[in-house]
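Spelled out, the chains give:
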Amino acid sequence: MMKKMSIPTSKISLVLFLCQIISALDVPLDSKLLEDLSQPPTITQQSPKDYIVDPRENIVIQCEAKGKPPPSFSWTRNGTHFDIDKDAQVTMKPNSGTLVINIMNGGKAEAYEGVYQCTARNERGAAISNNIIIRPSRSPLWTKEKLEPNHVREGDSLVLHCRPPVGLPPPIIFWMDNAFQRLPQSERVSQGLNGDLYFSNVQPEDTREDYICYARFNHTQTIQQKQPISVKVLSMDSLNDTIAANLSDTDIYGAKPVTERQPVLLTPTGSTSTKVELRGNVLLLECIAAGLPTPVIRWIKEGGELPANRTFFENFKKTLKIIDVSEADSGNYKCIARNTLGSVHHVISVTVKAAPYWITAPRNLVLSPGEDGTLICRANGNPKPSISWLANGVPIAIAPEDPSRKVDGDTIIFSHVQERSSAVYQCNASNEYGYLLANAFVNVLAEPPRILTPANKLYQVIADSPALLDCAYFGSPKPEIEWFKGVKGSILRGNEYVFHDNGTLEIPVAQKNSAGTYTCVARNELGKIQNEVQLEIKDPTMIIKQPEYKVIQRYGQVSFECIIKHDSTLLPTVTWLKDNDELPDDERFLVGKDNLTIMNVTDKDDGTYTCIVNTTLDSVSASAVLTVVAAPPTPAIIYARPNPPFDLELTGQLERSIDLSWIPGDENNSPITSFVIEYEDALHEPGVWHYQTEVPGTQTTVQLKLSPYVNYSFRVIAVNKIGRSQPSEPSEQYLTKSASPDENPANVQGIGSEPDNLVITWEPLKGFQSNGPGLQYKVSWRQKDVDDEWTSVIVANVSKYIVSGTPTFVPYEVKVQALNDLGYAPEPSEVIGHSGEDLPMVAPGNVQVHVINSTLAKVHWDPVPLKSVRGHLQGYKIYYWKVQSLSRRSRRHVEKKILTFRGNKTFGMLPGLEPYSSYKLNVRVVNGKGEGPASPDKAFKTPEGVPSSPSFLKITNPTLDSLTLEWGSPTHPNGVLTSYTLKFQPINNTHELGPLIEIRIPANESSLILKNLNYSTRYKFYFNAQTSVGSGSQITEEAVTIMDEAGILRPAVGAGKAMASRQVDIATQGWFIGLMCAVALLILILLIVCFIRRNKGGKYPVKEKEDAHADPEIQPMKEDDGTFGEYSDAEDHKPLKKGSRTPSDRTVKKEDSDDSLVDYGEGVNGQFNEDGSFIGQYSGKKEKEPAEGNESSEAPSPVNAMNSFV
């Protein structure tokens, strides 16, 4: 049976996907391969339903379609035929349905407002576009009004109304001052959703005359400005002075001091309000309150929780934002404004309605004559949408009748179709909030099979790698695909092959015997065709002698070897790298066939050298480190660094250059190789020296390039092979004239930090790069691909500028230009940045799991639309976890695992699954902001596998002719156990194995008595368990039947001519026991003698001689070292000799952990390739290194003591 699995598109020439509908095929229109196949029209591109156009530019209404023969196009406007030939301003693009309305040559956009619809038609049917509503954008001027100054007492609330002109689309509102600087906003002062500026309480610093509301109309890239609004805050002191000046001395006056007040809602008004929002949109709820102290806003949902991962708070928590709302978000939302004096609340009743959305959109049908099929059109919405059908753009009720067609609500059923049944059907799902229109054609074709893969295509793979053999095909009815190996080979089947739906044959692990000719056969009822491909298996490339670590003295010669073994038919290329970069362009580096030789080694040659071997099919590499050490100096000559130069002199002073000369110091037996010139800028960075240039050691004068507006001083450093001299004394100072900047800031970037902003950053110019006083930066930006005008600001003393109010994640062109008091730098280059990212909105759809075997599964999903990613697509994450084992039916703690697949992938592999288990998973898209919502959990099960070995095997109750076997079931059954297999055979005195006997045991047994065995005979047992998949690993054990008590030898059962003998255990013989007792007594006596001599103390003659010579290098060894030097309490505390690895506590330090996760590569957190496979291989477990030194951590043995005594 074929396994369903897709493969990368780079592996096949043409991919044909089978539709989910019975007998239906999706046929790609490829003019080169399928020129003779007819196909009804399909709309491939069209303008949006609500199309707002710029009235200053030509109107382009898109309508593109494909079909065979190529379709013709027509248009309707406001429901009637639109004759473009009668309007000189309207043209249609050649071989296209796209309309171009010429506005720039006298046309008026308002004259072409209306509803447009495109029809693409050929002999097989007609497809129609959506209704495209054309409306020109509008950016009207602000109505003139007389604005009175606002006089308000300190602590009172205030609302500055914006009331922008009504535009299409609505403008973006922001408040600025006369200097075009954003007005600062806070919990006390903020802008509402309607554009008004709200003050919860005014303070004296709010007094100003330039509160200006701006309206930006993005479509026309215009900004309209409201008249400035004046606000004067009357403090209590000034108010008392005003009152006192207008009252007599006898009047009582005095304004009340600023008093604190409870919160009062400025917007919305009242205690309740309602809000209707559409499914999938962003829900914005707002509460702004007055009060002193400034109230704090809190949001709750009555009777529920705010949705996690979709809820955001903006405008200092005054705005509640919920993205991608659904019907479940309907309910009452309460905002609570609170300060120290009390609280006030407002309840907003939210109702979520829904424009129609697809549950099942109709899909194209390709049928053979006489076949059946269905078109299904299912949509949902709130209220429930109504479904209507059209045929070739005409309501199906008045369309020509087709006896093979039957309409049943949202389904059209086709029975026994004929070629005349070909047509394009339209499904319209609509309610009061919108509509959906989908085209789906029925194309009746009768085509014999054809194979699209080139004949005799050659595939070459490395042994033990997967091989993919293509067989791209097409036919109607859908052909069946079979693979054969060799000219007369049988059909390929079995677990060693994977058969893909697109005809590709996969050999997961190709071996040498996999090479040969493979034949793909495609057949249906109209015919049969076959194609042959060739598979060659190549030996892997290996480095059999790798380069080794080398230590070489300076000026010596070193060689690295790299001997390779490769397939004789592949041509390898060997490349050497130094520190992962190309070798230096130096004739000292000689690259041979199998080696790299470096002549006259210098310190610069120190580093890592890598040998890389590439063939057309694989690549291997190996590296080694070269360490260069100094050669021992010749005693007769003392080499040293040179003395510093002196007598620096400046001549030939110009605006941009100057000449510097000097006298070299003593070179100290090593010739000066170069001079390094450094400079100090006393004007911008006094005391800091910078590199200027370097000249050969034979040169004592140089012309230096200068920058404007720098106060230069110079110094010179001499360099020879030993090192650098001390710097010379500084030269006299030289101040250059000012000029405009020569360069612009580097590393300009535009990256949004929030979804509605663009943060422009750059590396500021250093002081000497300013070329003059008054350094500033002109920051410019515009939205990419919308013909926007540049917006610019000039800033100083900063390296960052934030553009607010941007759309989420759109590209911007950004540039930063330097300027000073003398002018601008050259025009800067533009860089592309993006406004801020937001969390993805949509979960991956159509998640499918294809279980490949008991431990590996492949997950497919549909990529999310890039527009919904709202950021840089980083990849997808699969969360998966084991629910339970199907063999034990016991749940355990759920441990979720995560696999990340970089890039826009649509599949991934899940390795390391447990056989015969139930799993669940979901998929999420990831961008720079984080993870999107999870797809619905997808459950799947792994099939049975082979079991592990039985947990134990015990052999008990040995008798003369029987043994009792007991065992435990496998720790991991990996399925349903079907039986156990026991194999055993006798072992004679010469360790030769006898005949093998096999017994099958039911799975419910746990013990067995083996009878009729030979007495005093050793048997070897092999025991394993089986499932329906196969046998698991076996456990072995040995046992011996006991001897005949009477000493009578019995003949072996079933052994023919048998040889019987009595096995004798030497450990039970009396003479051996006596010998061991004598040895033990002797050892005990020797230990007593050693103990007595040890406790006598005193010095031995050898020790006296050592004390007399007093050699500091000779240290007496302790008794554990195997010699008898002097032993005293004082020496117990002497430190160990240098080089000893045994610590003073007489324990051997373990160099490595016995069981470190480092021994096993990356462990459970190992990375995966994009297809889910492990990047790293498990490394073998490290062996313990033997402890060095003379001491032992073990207790002294009698044998050691005896050796010491002798």
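Scoring rules and cut-offs
- Residues numbered from 1 in each chain as written.
- Predicted model: local features only at pLDDT ≥ 70, side-chain atom pairs only at ≥ 80, totals over all residues.
- Heavy atoms only, no water.
- Helix = DSSP H or I, 4+ residues; strand = E, 2+ residues; numbered from the N terminus.
- Buried < 20%, exposed > 50% of the residue type's maximum accessible area, 1.4 Å probe, protein only.
- Contact = heavy atoms within 4.5 Å.
- Areas by Shrake-Rupley, 256 points an atom, 1.4 Å probe, with all protein chains shown as cover.
- Salt bridge = Lys/Arg side-chain N within 4 Å of Asp/Glu carboxyl O.
- Phe/Tyr/Trp six-rings, centres within 6.5 Å; stacked < 30°, edge-to-face > 60°.
- Lys NZ or Arg CZ within 6 Å of the ring centre and 35° of its normal.
- Pairing = 2+ DSSP bridges.
- Polar contact = N/O pair within 3.5 Å; in protein donor to acceptor, adjacent residues only side chain to side chain.
- Axes fitted to C-alpha atoms, helices over the stretch in contact; angles between N-to-C directions.
- Disulfide = S-S within 2.5 Å.
- pLDDT = per-residue confidence, 0-100.
- Core = buried A, V, L, I, M, F, W, Y, C linked by side-chain atoms within 4.5 Å.
- Patch = residues over 30% accessible without salt bridge, like charges linked within 9 Å, V, L, I, M, F, W, Y side chains within 5 Å.

A.B. asks: Give a description of the overall build of the chain that names residues and reports values.
C.D. replies: Helix and strand counts for the chain stand at five helices and 85 strands. The buried share of the chain, taken over its 1206 residues, is 40%. Intrachain contacts of the chain at a sequence separation of at least 6 include 65% that bridge at least 24 residues. Counting only carbon and sulfur atoms, one obtains 51% of the accessible surface of the chain, whose full area is about 66,300 Å².

A.B. asks: An account of the environment of leucine 445 is requested, with residue identities and associated values reported.
C.D. replies: Mapped onto the secondary structure, leucine 445 falls in the loop between strand 37 (434-444) and strand 38 (447-451). Between the alpha carbons of leucine 445 and serine 422 there is a distance of 8.9 Å; along the sequence they are 23 residues apart. Dropping the residues within four chain positions of it, leucine 445 is found in contact with Leu37, Ser38, Arg124, Val366, Leu367, Ser368, Pro369, Phe474 and Ser476.

A.B. asks: Lay out the pattern of salt bridges in plain terms, naming residues and giving numbers.
C.D. replies: The full count for this structure, using the stated rule, is 40 salt bridges. Of the charged contacts in the structure, one is a salt bridge between arginine 153 and aspartate 156, with a shortest N-O distance of 3.6 Å. For arginine 153, a relative accessible area of 41% gives the class partly exposed. Classification of aspartate 156 by relative accessible area gives partly exposed; the value is 22%. Of the charged contacts, one joins lysine 538 and glutamate 536 as a salt bridge, the two residues approaching to 3.0 Å between their closest N and O atoms. Judged by its relative accessible area of 30%, glutamate 536 is partly exposed.

A.B. asks: If you had to explain the packing of aromatic side chains to someone new, which residues and values would you point to?
C.D. replies: Applying the stated rule across the entire model yields 21 aromatic pairs. Between phenylalanine 560 and tyrosine 609 the ring centres are 5.4 Å apart and the planes differ by 25°, which places this aromatic pair in the stacked class. You can see phenylalanine 560 sitting in strand 49 (residues 558-561) and its partner tyrosine 609 sitting in strand 55 (residues 607-614), a full 49 residues away along the chain. Of the two residues, phenylalanine 560 and tyrosine 609, both sit in the buried class. Geometrically, the ring pair formed by tryptophan 762 and tyrosine 777 is tilted, given 5.6 Å between the ring centres and 55° between the ring planes. Here tyrosine 777 lies in strand 66 (residues 776-783) and tryptophan 762 lies in strand 65 (residues 757-763), a separation of 15 residues in the sequence. Across the pair, exposure class does not vary: tryptophan 762 and tyrosine 777 are buried alike. What links up through ring pairs into an aromatic cluster is the set Phe174, Phe180 and Tyr214. Lying across the ring of tryptophan 881, lysine 896 places its NZ or CZ 4.3 Å from the centre.

A.B. asks: Lay out the pairing of strand 27 (residues 331-339) with the relevant residues and their values.
C.D. replies: As defined by bridge partners, strand 24 (residues 296-301) adjoins strand 27 across six bridges and the pair is classed as antiparallel. Across the sheet, residue isoleucine 297 finds its bridge partner in strand 27, namely alanine 337. Connecting strand 27 to the next strand, strand 28 (residues 342-360), in antiparallel fashion are two residues.

A.B. asks: Tell me about the side chain of asparagine 927, residues and numbers included.
C.D. replies: Take asparagine 927: it is sitting in strand 77 (residues 917-927). At a separation of 3.5 Å, a polar atom in the side chain of asparagine 927 contacts the main-chain carbonyl oxygen of arginine 870. Excluding its chain neighbours within four sequence positions, the residues that come into contact with asparagine 927 are Glu837, Asp838, Leu839, Pro840, Val869, Arg870, Gly871, His872 and Gln874.

A.B. asks: Can you explain the environment of valine 795? Please cite residues and give values.
C.D. replies: Its place among the elements puts valine 795 in strand 67 (residues 791-795). Separated by 19 residues in the primary sequence, valine 795 and glutamine 776 have C-alpha atoms spaced 5.8 Å apart. Excluding residues that lie within four positions of it along the chain, valine 795 makes contacts with Trp762, Gln776, Tyr777, Val779 and Tyr801.

A.B. asks: Report on the sheet that holds strand 35 (residues 411-414), specifying residues and quantitative values.
C.D. replies: Spatially, 30-35-34 is the arrangement adopted by the three strands of the open sheet, whose pairing is antiparallel. Looking along the sheet, the strands with just one partner apiece sit at the ends: strand 30 (373-376) and strand 34 (405-408). Neighbour-to-neighbour, the strand axes of this sheet turn through a mean angle of 20°, independent of strand direction. For strand 30 and strand 35, the ladder comprises four bridges, and the chain directions are antiparallel. Paired with glycine 373 across the bridge in strand 35 is phenylalanine 414.

A.B. asks: Pulling in residues and values, what's your account of the state of the cysteines?
C.D. replies: Summed over all chains, the structure comprises six disulfides. Disulfide pairing places cysteine 287 opposite cysteine 335 at an S-S distance of 1.8 Å. Residues cysteine 287 and cysteine 335 are joined by a disulfide whose S-S torsion is about -65°; by sign, that bridge is left-handed. You can see cysteine 287 sitting in the loop between strand 22 (283-286) and strand 23 (288-292) and its partner cysteine 335 sitting in strand 27, a full 48 residues away along the chain. By relative accessible area, which is 0% here, cysteine 287 ends up buried. Residue pairing for cysteine 471: its cysteine sulfur links by disulfide to cysteine 520, the two sulfurs lying 1.8 Å apart.

A.B. asks: Break down the confidence of the model for the chain for me, with residues and values.
C.D. replies: Summary statistics for the chain give a mean pLDDT of 83 and a share of 83% for residues scoring 70 or more. Between residues 248-255, whose pLDDT stays under 50, and residues either more than four places distant or in other chains, the model counts 10 contacts.

A.B. asks: Summarise the nonpolar core; cite the residues concerned and give the values.
C.D. replies: Counting 28 residues, the largest nonpolar core has Ile59, Ile61, Trp75, Ile101 and Tyr116 as its most contacted members. Every element with two or more residues in this core is listed here: strand 3 (59-61), strand 4 (63-68), strand 5 (72-77), strand 8 (99-101), strand 9 (114-122) and strand 11 (132-136). Considering each element in turn, this core owes the most residues, three residues, to strand 9. If we ignore the near neighbours within four places in the chain, the residues touching isoleucine 59 are Val53, Leu99, Val100, Ile101, Ile103, Ala109, Tyr112 and Ile134. Ranked by size, the runner-up nonpolar core spans 22 residues in total, among them Ile451, Tyr459, Ala467 and Ile507.

A.B. asks: I'd like a description of the sheet that holds strand 13 (residues 158-160), backed by residues and values.
C.D. replies: With antiparallel pairing, three strands are arranged side by side in an open sheet as 13-16-15. A strand with exactly one partner marks an edge of an open sheet, and here the two such strands are strand 13 and strand 15 (189-191). Here the average twist between neighbouring strands, direction ignored, is 15°. Where strand 13 lies against strand 16 (residues 197-199), three bridges are found, and the strand directions are antiparallel. Bridge pairing in strand 16 places leucine 160 opposite leucine 197.

A.B. asks: Which residues make up a nonpolar patch on the surface, and what values do they have?
C.D. replies: The grouping of Leu1081, Leu1084, Ile1085, Ile1088, Val1089, Phe1091 and Ile1092 at the surface amounts to a nonpolar patch, some 660 Å² of accessible area in total. Turning to its location among the elements, phenylalanine 1091 is positioned in helix 3 (residues 1070-1094). Under the relative-accessibility criterion, phenylalanine 1091 is labelled exposed at 56%.

A.B. asks: Mind laying out the side chain of lysine 578, listing which residues take part and the relevant values?
C.D. replies: Within the secondary structure layout, lysine 578 lies in strand 51 (residues 573-578). Of note is the side chain of lysine 578, whose polar atom sits 3.2 Å from the side chain of aspartate 579. Once residues lying within four places of it in the same chain are set aside, the contact partners of lysine 578 are Leu583, Pro584, Lys604, Asp605, Asp606, Thr608 and Tyr609.

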